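# Coordinate inspection notes
Listed here are the chains, written in short residue letters.
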Amino acid sequence: SQAAPTLCGVPLKYISLVTLAVQNAALALLMHYSRISTPPSRAYSAASAVLATELLKGFISLLIAFSRVELTPLQYTLAPGHSPSPVAKSALHPRVFLARCRILGKEVFRQDCWKLSIPAILYVIQNNLQFVAASNLEAATFQVSYQMKILTTAAFSVVLLRRKLTPLKWLALFFLALGVGIVQIQCGAATHGSSSATVAAGDDVHTMVPFKGFLAVAAACFTSGLAGVYFEMVLKNSTGDLWVRNVQLSLFSLLPALVPVILAPSASPLAPAHSVPSITHLFANFTPWAWATVLTQVFGGLITALVIKYADNIMKGFATSLSIVISFLASVALFHFHITVSFVVGASVVLAATWLYSQPDGKRVPFFRARRSS
Ligand code: C5P
């Protein structure tokens, strides 16, 4: 078997997991700060941010895929029976649309990239909803509530992949929902007296509406679960290169990402109504914090791809639960987030549930068995 890839002696698997945890926390904080730090009249367009993310992510994935084509040209040349031509070696574009697919034990090239259109549309919706949630919830509350995606991922895995869950995993999911519920109660109570949520009407100050934030998070968890499981289904039923799949995903994301941009052309108050948006109008009000949010999103997409490749989805859950702690501590330090007993209890229950869910199957209470037999 092949040795696990390493960087400076450390397995890439762990590097990608720790990087994902830090990226998750940084994204929650940056997205929240970039939205609340400017008055609504000077807010940047979330739809433009999503579009920019997809364009950049697709471009970087294309460069990586292209570099891999040059390194291993034979994998990307013509189908069996055809001799590879220099044109086929250098032309990347047909390979973006073709993926090797296993049918009746034989590897053949098939035009199956359309399958990526479903997760692509779902991820675009999810990425837009994330902005709504981050604008209306505290960064730490958003992070904890977003853990509900483990629940939706499990539900879609059972329905679509016919995966069976052990009673221990169902118990973990129950505690996850309970923990998120406790955090929501805390948020509802805290925002009653919060100055950020009770701004006088007419003031050009960002107002957080936690209920709207929770609805957006719930919907984002739904799309995250469905898109994740669907992406897994596509990956497992074919042997297409991960970076080629990422390019396909980004290509299919472009159209749905463009729709909200075109429907709301006046991202800037200076833009004439019903005009075709220019680049300047699209990216009006983009502060350095907004660009930092976009770049962190791009980085996150690429790291997610690496985590799926070198680790697995359960370990990904661990990484994101670690990010709760990071963003919680940073929220306290940066945004004077109030530590309440219910937040600590709720976040602890979410962390414990994530840990419980990540326990390998078929290893129930080994501690007691080991002690009895000794
Ligand atoms: O929170 P969740 O794990 O569902 O988020 C996945 C994020 O990673 C989304 O923003 C999605 O656009 C991105 N992604 C990606 N490439 C993949 C899978 C997900 O860019 N192959």
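Structural notes, computed from the coordinates. On a predicted model such as this, the values are computed, not experimentally measured, just so you know. Throughout this description, residue numbers start from 1 for each chain and increase along the sequence as written. The predicted origin of the model limits local features to residues at a pLDDT of at least 70 and limits the giving and counting of side-chain atom pairs to 80 or more, whereas totals for whole chains, interfaces and linings rest on all residues. Working from all heavy atoms in the structure, the side-chain values ignore hydrogens and water.

Attention now goes to the pattern of salt bridges. The term salt bridge refers to a side-chain nitrogen of Lys or Arg lying within 4 Å of a carboxyl oxygen of Asp or Glu. Enumeration over the complete set of coordinates arrives at one salt bridge. Between Glu-54 and Lys-57 there is a salt bridge; the shortest N-O distance is 3.3 Å. Note that Glu-54 and Lys-57 are positioned in helix H2 (residues 46–71) at a spacing of three residues, about one turn of the helix. Relative accessible area serves as the criterion here: at 14%, Lys-57 is assigned to the buried category. Helix and strand definitions follow DSSP, with helices as H or I runs of at least four residues and strands as E runs of at least two, each counted in order from the N terminus. In this scheme, a residue with accessible area under 20% of its type's maximum is buried, one over 50% is exposed, and one in between is partly exposed, where area comes from a 1.4 Å probe on protein chains only.

Each Phe, Tyr or Trp ring, with Trp reduced to its six-membered ring, pairs with another whose centre is within 6.5 Å; inter-plane angles below 30 degrees give stacked pairs, above 60 give edge-to-face pairs, and intermediate values give tilted ones. This structure, assessed with the given rule, holds nine aromatic pairs. Pairing Tyr-44 with Phe-131 gives two aromatic rings, centres 6.1 Å apart and planes at 85°, and the pair type is edge-to-face. In this pair, Tyr-44 sits in the loop between helix H1 (12–36) and H2 while Phe-131 sits in helix H5 (residues 117–136), placing the two residues 87 residues apart along the sequence. Note on Phe-131: relative accessible area 2%, which makes it buried. Counting every residue linked through ring pairs, the aromatic cluster contains Tyr-44, Phe-131, Phe-283, Phe-286 and Trp-291. A cation sits over an aromatic face here: Arg-35 above Tyr-44, 4.7 Å from the ring centre. Above the plane of the ring of Tyr-357 lies Lys-169, whose end atom (NZ or CZ) is 5.2 Å from the centre. Both a distance and an angle decide whether a charge sits over a ring: NZ of Lys or CZ of Arg must be within 6 Å of the ring centre and within 35 degrees of the ring normal.

It is worth spelling out the site of the ligand at this point. Here a residue is near a molecule or strand as soon as one of its heavy atoms is found within 4 Å of it. Close to the ligand lie 13 residues, the nearest being Lys-57, Asn-127, Lys-149, Ser-224 and Asn-246. Gln-126 is positioned such that a nitrogen or oxygen atom in its side chain is 3.1 Å from an oxygen atom of the ligand. At 2.7 Å, a side-chain N or O of Asn-127 approaches an oxygen atom of the ligand. Where the shell around the ligand is concerned, the elements lending two or more residues are H5, helix H9 (210–236), helix H10 (242–263) and helix H12 (288–310). Top contributing element to the shell around the ligand by residue count: H5, with three residues. For the shell around the ligand, the class distribution of residues is four nonpolar, six polar and three charged. Polar contact criterion, stated in full: a pair of N or O atoms within 3.5 Å, where within protein one must be able to donate a hydrogen and the other to accept it, and residues adjacent in sequence count only if both atoms are side-chain atoms. Under this grouping Gly is polar, as are all residues other than the nonpolar Ala, Val, Leu, Ile, Met, Phe, Trp, Tyr, Cys and Pro and the charged Asp, Glu, Lys and Arg.

Right, let's talk about the packing of H9 against H10 for a bit. Any two packed helices are characterised by how steeply their axes cross, that is the angle between the axes, and by the distance between the axes. All axes are obtained by fitting lines to C-alpha atoms, using only the stretch in contact for helices, and the reported angles, taken between N-to-C directions, cover 0 to 180 degrees. Contact pair H9 / H10: the axes reach a minimum separation of 12 Å and the direction vectors enclose 135°. When the axes of H9 and H10 are compared, the pair comes out oblique. For H9 against H10, the interelement crossing comes out right-handed. Of the residues in H10, those touching H9 at Phe-231, Val-234 and Leu-235 are Leu-242, Arg-245, Asn-246 and Leu-249. Grouping the constituent residues of the contact of H9 with H10 by class yields five nonpolar, one polar and one charged. When an angle is under 35 degrees it counts as roughly parallel; over 145 it counts as roughly antiparallel; between 65 and 115 it counts as roughly perpendicular; any other value is oblique. Two helices cross in a left-handed way if the nearer one is turned anticlockwise from the farther one by less than a right angle. They cross in a right-handed way if the turn is clockwise. It only takes one pair of heavy atoms within 4.5 Å for two residues to be counted as in contact.

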